[in-house]
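In case you want the letters, here they are:
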Protein chains: 2
Amino acid sequence: MSFQTIMRRSAGFSCGALFVVATALTALANPARASDSLPSWSDGASKARIVDFVRSVTDPTSKQYVPPAERIAVFDNDGTLWTEQPMYFQLAFILDRVKALAPQHPEWRTQEPFKSVLAGDMAGVAAAGEHGLLEMMAATHAGMTADEFRAIVADWLATARHPRFKQPYTELTYTPMKELLAYLRANGFKTFIVSGGGVEFMRVFSERVYGVPPEQVIGSSIRTKYEVRDGKPVIVRLPEVEFIDDKAGKPVGINRYIGRKPILAFGNSDGDFEMLQYTTSAPGPRLGLIVHHDDGEREYAYDRKSPVGRLERGLDEAAQRGWVIVSMKDDWRRVYDAERK
Amino acid sequence: MSFQTIMRRSAGFSCGALFVVATALTALANPARASDSLPSWSDGASKARIVDFVRSVTDPTSKQYVPPAERIAVFDNDGTLWTEQPMYFQLAFILDRVKALAPQHPEWRTQEPFKSVLAGDMAGVAAAGEHGLLEMMAATHAGMTADEFRAIVADWLATARHPRFKQPYTELTYTPMKELLAYLRANGFKTFIVSGGGVEFMRVFSERVYGVPPEQVIGSSIRTKYEVRDGKPVIVRLPEVEFIDDKAGKPVGINRYIGRKPILAFGNSDGDFEMLQYTTSAPGPRLGLIVHHDDGEREYAYDRKSPVGRLERGLDEAAQRGWVIVSMKDDWRRVYDAERK
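K.L.:
Run through unusual backbone geometry, naming residues and quoting values.
P.N.:
Gln85(B) connects to Pro86(B) through a cis peptide bond whose omega is 0°. Looking at where Pro86(B) falls in the secondary structure, it is placed in the loop between strand S1 (72-75) and helix H4 (89-101). If you check the backbone angles, Asp230(A) has positive phi at about 50° while not being a glycine. Relative to the elements of secondary structure, Asp230(A) occurs in the loop between strand S3 (217-229) and strand S4 (232-243).

Set out below in structure tokens:
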């Protein structure tokens, strides 16, 4: 409801009723001071660090005050905002697309890594290595227009299910993190995703699921070109990597897309190390946080030895760097929306 | 003043006073219907097209209604938001930097295009062509950190003066366009700059001068890399072109940075043709506009034959494409802030 509508509707009420409305609006406008905005976070050190940080940078009387324009918060996606096990969800998309496109590619029956994908032989897929992955990327992510690609991703998201949880992948986004994104925005932050995932893959669901609009999503990308086909302009996706938004690529992507340093960064793996380092080394109040996947029961437990989302240097250096290690097991009262409390 | 503050202060007033506040706030929330937000625009067809468009896309009862998240407006910079004659302002910056750096480069005394720059021989600079320009870009835009480059640009903007108007370059931004940017934002639009100019050059002044934050500036860029120097993370600028945000590069840049189609595009030269074509060919309400530099007295008069800001195809096809040709002479009551009305 717009402010104007509220005021119009209020005009017919008594003066006392109008003050009730005003008080309710005041509470809405001050979520940091209103009742708990982070109900899925357990009361503890991690939550306290977050709330204290937000209070100090938004309090105009504080020495730590940061003007709204500079309240930039960056979030990794895989393993930070949604699950990344047993494989990156975008890899599941690639494998499903290879299967869907196979009838148009009889040559794939004898050609790796496609042959292994079609045989369900994940060891064979892995053996094809980075070169195999790039071939699958080219076959599934390029050759169509940007609009066509978005439609393909949307269709897949609507129908694909996670192998363990049997849920659509977008249901495996973390409730505490979605609360945090909303809490930061309510406190004047601009929230960005900075992920190794494909930018045009994430943009299909980021606004609906996280409230993060496409223009605030930074990710890996392939080259594109502009064409006019039968009088209709299109963006064509080319089979050529443009940018890898991972590790030291993350600060590069932040500088390229945002052009100023974030004051808060949240990741979960060593792929986020440089992003946290870049964010928290700058002068002024800064907060770095890491999701630690230590909850094999509700989600997955992995860190130093995991091929997906490996977290080693982050764990070793968090204390000395003042980064908050968020324990999924202890700090989150729930993991997913659908989970019973 | 925050809404909360207004409400707190109002609490001591009579009920009638509160309604006065409420009415004033309602007017603020509806600038399209409040008094003229575009005072530097002459009443005429161009202004009417703009105001009608904004009213229709913001009116929830209109078939043309567009939700705020999709109200993306893109603006070229050189010749659209500020003057681009007698040369692009960033080229003036490059020439000044070559002169400033010359004492550290004795070899430039005999090496083109530097030799011509130092001799003030613009024909010689022009003769060095694109290769010469790239050499000057590398010498003046690369080799330092992103923070250092920003400081250099800020220093230059504070001291350099335009050869004809004897003003700082940022004073040669167009008053009617700054009013339009503010008017669009007040109506829920998100305003972006999409320019052939260097992204890190424009970001130094875009927020202060246009109210456009760095993360909403799209421009040409050079490659960068992340490094940790003596424990301090830096973004290092490399002498290698990454992206040219001009002509067919503009829709590519829009898709890359914004990820959805604008509903309004404003340019001034054929370098903006594809951006306007991409924007206005999409379904739904769309508005394309072109500044026509036909005011040699207050600014400059040029179009089809100009080496800078050439406008030919745009003039030829505007009518059939429904684009608005904005006459600087007739549609703008003033050009610059400092100008007498």
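K.L.:
An account of the side chain of Arg203(A) is requested, with residue identities and associated values reported.
P.N.:
For Arg203(A), the position within the fold is in helix H10 (residues 199-210). Within the buried set, Arg203(A) has no salt-bridge partner at all; the shortest N-O distance to an opposite charge, 5.2 Å, is to Glu200(A). Within polar-contact distance, the side chain of Arg203(A) engages the backbone oxygen of Tyr257(B) at 3.3 Å. Sequence-distant contacts of Arg203(A), defined by excluding residues within four places in its chain, comprise Pro214(A), Val217(A), Asn255(B), Arg256(B), Tyr257(B), Ile258(B) and Gly259(B).

K.L.:
Lay out the pattern of salt bridges in plain terms, naming residues and giving numbers.
P.N.:
According to the stated counting rule, one finds 48 salt bridges over all chains in the structure shown. Put simply, Glu227(A) and Lys225(A) hold a salt bridge, and the shortest N to O gap is 3.1 Å. For Lys225(A), a relative accessible area of 37% gives the class partly exposed. Put simply, Lys247(B) and Asp246(B) hold a salt bridge, and the shortest N to O gap is 3.5 Å. Judged by its relative accessible area of 45%, Lys247(B) falls in the partly exposed class. Given the relative accessible area of 29%, Asp246(B) is considered partly exposed. Linked by salt bridges that have partners in common, Asp147(A), Arg150(A), Glu200(A), Arg237(A) and Lys261(B) make up one network.

K.L.:
Please set out the packing of aromatic side chains residue by residue, giving values where relevant.
P.N.:
Pairs of aromatic rings are described using the distance from one ring centre to the other and the angle between the two planes. Residue and element names in this part refer to chain A. Taken as a whole and assessed by the stated rule, the structure comprises 39 aromatic pairs over all chains. On the numbers, 5.3 Å between centres and 75° between planes, the contact of Phe93 with Trp156 is edge-to-face. Separated by 63 residues along the polypeptide, Phe93 in helix H4 (residues 89-101) and Trp156 in helix H8 (residues 146-159) bring together distant segments of the chain. Across this residue pair, the class does not change: Phe93 and Trp156 are buried.

Cut-offs used in this document
- Residues numbered from 1 in each chain as written.
- Chains lettered and ligands numbered in written order.
- Predicted model: local features only at pLDDT ≥ 70, side-chain atom pairs only at ≥ 80, totals over all residues.
- Heavy atoms only, no water.
- Helix = DSSP H or I, 4+ residues; strand = E, 2+ residues; numbered from the N terminus.
- Buried < 20%, exposed > 50% of the residue type's maximum accessible area, 1.4 Å probe, protein only.
- Lys, Arg positive; Asp, Glu negative; His and termini not counted.
- Salt bridge = Lys/Arg side-chain N within 4 Å of Asp/Glu carboxyl O.
- Polar contact = N/O pair within 3.5 Å; in protein donor to acceptor, adjacent residues only side chain to side chain.
- Contact = heavy atoms within 4.5 Å.
- Phe/Tyr/Trp six-rings, centres within 6.5 Å; stacked < 30°, edge-to-face > 60°.

Distances and angles like these do not, on their own, reveal function.
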